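This is what each chain is made of:
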Amino acid sequence: MAKPPAANQGKFPTIAFVNLATVPLGIDLRRLVSALDKQLQRDFVPIWGYPATLYVTDKPKPNEWQIVFLDDSDAADAMGYHNLTKDGQPVSKVFVKTTIAAKQKVSVTASHELLEMLIDPGAQMWAQASNGRFYAYEVCDAVEEEEYVIDGVAVSDFVYPSFFESWHEPMSTRFDHLQKVSRPFQTLQNGYQVVSNGAVAREVFSSGPKEINFQEVEVRTLHRSEYRKEMMPGGTPSTPGGAAGSNAATAHAALLEHAGQFLTTLAAMRDPLPGGRDPFDLMARRKPGGVRDPLPGGDPFEL
Ligand SMILES: [Zn+2]
């Protein structure tokens, strides 16, 4: 039998929702998927233009993407769920115990994972801002914890393409579905973003409580933001192979799997814009006389 096509080979995906959690989701899965389908068709596809077919199953087919509900990251490890299915398709994981322990809703987490996976299934796309930095092309992180209700089911807010376009003036257009965002690349109060200078990637937050919660309660092990950081040249060195090493049929798959094996300590940075703090600490390069070091001969980020 022919191998299933890769995720980027020109066919809108069918996404299988697979419940492997032992704890209750707190919502009927079919009802959740029906609400997510409405969110896609009514709110998301007219803006982002990337449709998908969603359904619930215990036996996903080889060419389908998956959203898998698992108790926690330990269960994901035990069951061999990493960043790709065994057939090389994208897989997103919703950690049910972890989500509930962080007092978040499973439905909102599932919506977040679904929308982000559709736009960037490999979690490796970035948008460059006018400050030269690269912001992760994740459509829910900056507006995380902003939610709305579809047929009684809470789903996640998401940003629009304009969010990743520096040239828009504040308030000049719509930047997210719920209209909470007022300028490109803004991190909302309870959101976060992954920002990179091309060498390393770090989270930025706009609020202290979110930053603390992120580190202490909201476990992001095996999530997209973690393997983004690992793919950076300055990321934590890693050991190839390991528990996930079964489907490294392509370099892309190998890289994703490789990156996904790491549990890293979250680097914490607040959003530099409101408070004037710079996550890459350019001011630290000032020489005693107060003159900024010129670019030749040195790395301006000097991380
Ligand atoms: Zn995300």
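Going along each chain's sequence as written, the residues are numbered from 1 onward. Selection of residues for local features in this predicted model requires a pLDDT of at least 70, selection of side-chain atom pairs for listing and counting requires 80 or more, and totals for whole chains, interfaces and linings are taken over all residues.

What follows is about the overall build of the protein chain. Broken down by element type, the protein chain carries eight helices and ten strands. Our contact criterion uses C-beta atoms placed from the backbone: two residues qualify when those atoms are within 7 Å. Counting only contacts in the protein chain whose residues sit at least 6 apart along the sequence, the fraction spanning at least 24 positions is 63%. Secondary structure follows DSSP: runs of H or I at least 4 residues long count as helices, runs of E at least 2 residues long count as strands, and numbering of each begins at the N terminus.

Okay, the pairing of strand β1 (residues 14-19) next. In this structure, β1 lies alongside strand β2 (residues 53-56), joined through four bridges in parallel fashion. Paired with T14 across the strands is T53, a residue of β2. Whether a crossover is right-handed depends on one test, that the path from the first strand over the helix to the second runs clockwise when the strands point away from the viewer. Taken together, β1, helix α1 (residues 29-48) and β2 constitute a β-α-β crossover, and its handedness is right-handed. Pairing of β1 with strand β3 (residues 65-70), which is carried by five bridges, proceeds in the parallel orientation. Here, any two strands with at least 2 DSSP bridges between them count as paired.

Attention shifts here to the sheet that holds β1. Spatial ordering of the open sheet is given by β2-β1-β3-β4, a layout of four strands whose pairing is parallel. Edge strands, defined here as strands with exactly one partner in the open sheet, are β2 and β4 (91-95). Across the sheet, the axes of successive neighbouring strands diverge by a mean angle of 20°, strand direction being ignored. Each of β1 and β2 is contacted by α1, which is oriented at about 175° to β2, the strand it contacts most. Axis definition: a line fitted to C-alpha atoms, over the contacting stretch in the case of helices. Angles run 0 to 180 degrees between N-to-C directions. Against the sheet, helix α4 (residues 106-119) makes contact with β1, β3 and β4, and its axis sits at roughly 165° relative to β4, the strand it touches most.

Note on placement: S172 falls in the loop between β8 (153-156) and β9 (192-196). It is 8.1 Å that separates the C-alpha atoms of S172 and S182, two residues lying ten residues apart in sequence.

Bringing the pairing of β9 into the picture now. Along a regular strand, successive side chains alternate from one face of the sheet to the other. Any residue surrounded by 20 or more other C-beta atoms within 10 Å of its C-beta is treated as buried, while 12 or fewer makes it exposed and the intermediate range makes it partly exposed; C-beta atoms here are placed from the backbone. Most of β9 sits inside the fold, with five of its five residues counted as buried. Where burial is concerned, the two faces of β9 agree: the one with Y192, V194 and S196 and the one with Q193 and V195 are both buried. Bridge analysis of strand β6 (residues 134-136) against β9 gives two bridges, and the strand direction is antiparallel. Considered in β9, the bridge of F134 is made with S196. Pairing between β9 and strand β10 (residues 201-205): five bridges, direction antiparallel. Residue pairing in the sheet places S196 in a bridge with A201 of β10. What sits between β9 and β10 in their antiparallel hairpin is a turn of four residues, with G198 showing a positive phi close to 100°.

Take the sheet that holds β10 next. By definition, the strands of a sheet pair up through backbone hydrogen bonds, in either a parallel or an antiparallel sense. Spatial ordering of the open sheet is given by β5-β6-β9-β10, a layout of four strands whose pairing is antiparallel. Bordering the open sheet on either side are β5 (126-128) and β10, each of which pairs with just one other strand. Each adjacent strand pair in this sheet contributes to an overall mean axis angle of 35°, direction not counted. Helix α5 (residues 208-216) rests against β9 and β10 of the sheet, and its axis sits at about 130° to β10.

Turning our attention to the environment of V181. By the element assignment, V181 lies in the loop between β8 and β9. According to the C-beta neighbour criterion, V181 is buried, with 25 such atoms within 10 Å. A C-alpha to C-alpha distance of 7.9 Å links V181 and V143, two positions 38 residues apart in sequence. If near-sequence neighbours (up to four positions away) are discounted, V181 is found in contact with V143, V159, F163, F175, D176, Q186 and L188.

Counting 57 residues, the largest nonpolar core has L36, L70, L114 and V159 as the members making the most contacts within it. The greatest single-element share of this core, amounting to seven residues, is contributed by α4. Residues in contact with L114, not counting those within four places in the same chain, are I15, L36 and I67. Defined on buried residues, the nonpolar core groups Ala, Val, Leu, Ile, Met, Phe, Trp, Tyr and Cys residues joined through C-beta atoms within 7 Å.

An expected span of 1.5 Å times one less than the residue number is assigned to each helix. Its 14 residues give α4 an end-to-end C-alpha distance of 21 Å, which sits within 8% of 20 Å, the value for a rise of 1.5 Å per residue. Here α4 lies mainly inside the structure; 13 of its 14 residues are buried.

On to the packing of α1 against α4. Here α1 crosses α4 at 40°, and the two axes come no closer than 11 Å. Between α1 and α4, the angle is such that the two are oblique. For the pair α1 and α4, the crossing hand works out as right-handed. On the side of α1, the interface is formed by L32, L36, Q39, F44 and W48, while α4 contributes S107, A110, S111, L114, L115 and I119. Charged residues are taken to be Asp, Glu, Lys and Arg, nonpolar residues to be Ala, Val, Leu, Ile, Met, Phe, Trp, Tyr, Cys and Pro, and polar residues to be all remaining types, Gly included. Of the residues assigned to the contact of α1 with α4, the class counts are eight nonpolar, three polar and no charged. With respect to orientation, any angle under 35 degrees is reported as roughly parallel, any angle over 145 as roughly antiparallel, any angle of 65 to 115 as roughly perpendicular, and every other angle as oblique. Working rule for handedness: look at the near helix, and if it is turned counterclockwise from the far one by less than a right angle, call the crossing left-handed; if clockwise, right-handed.

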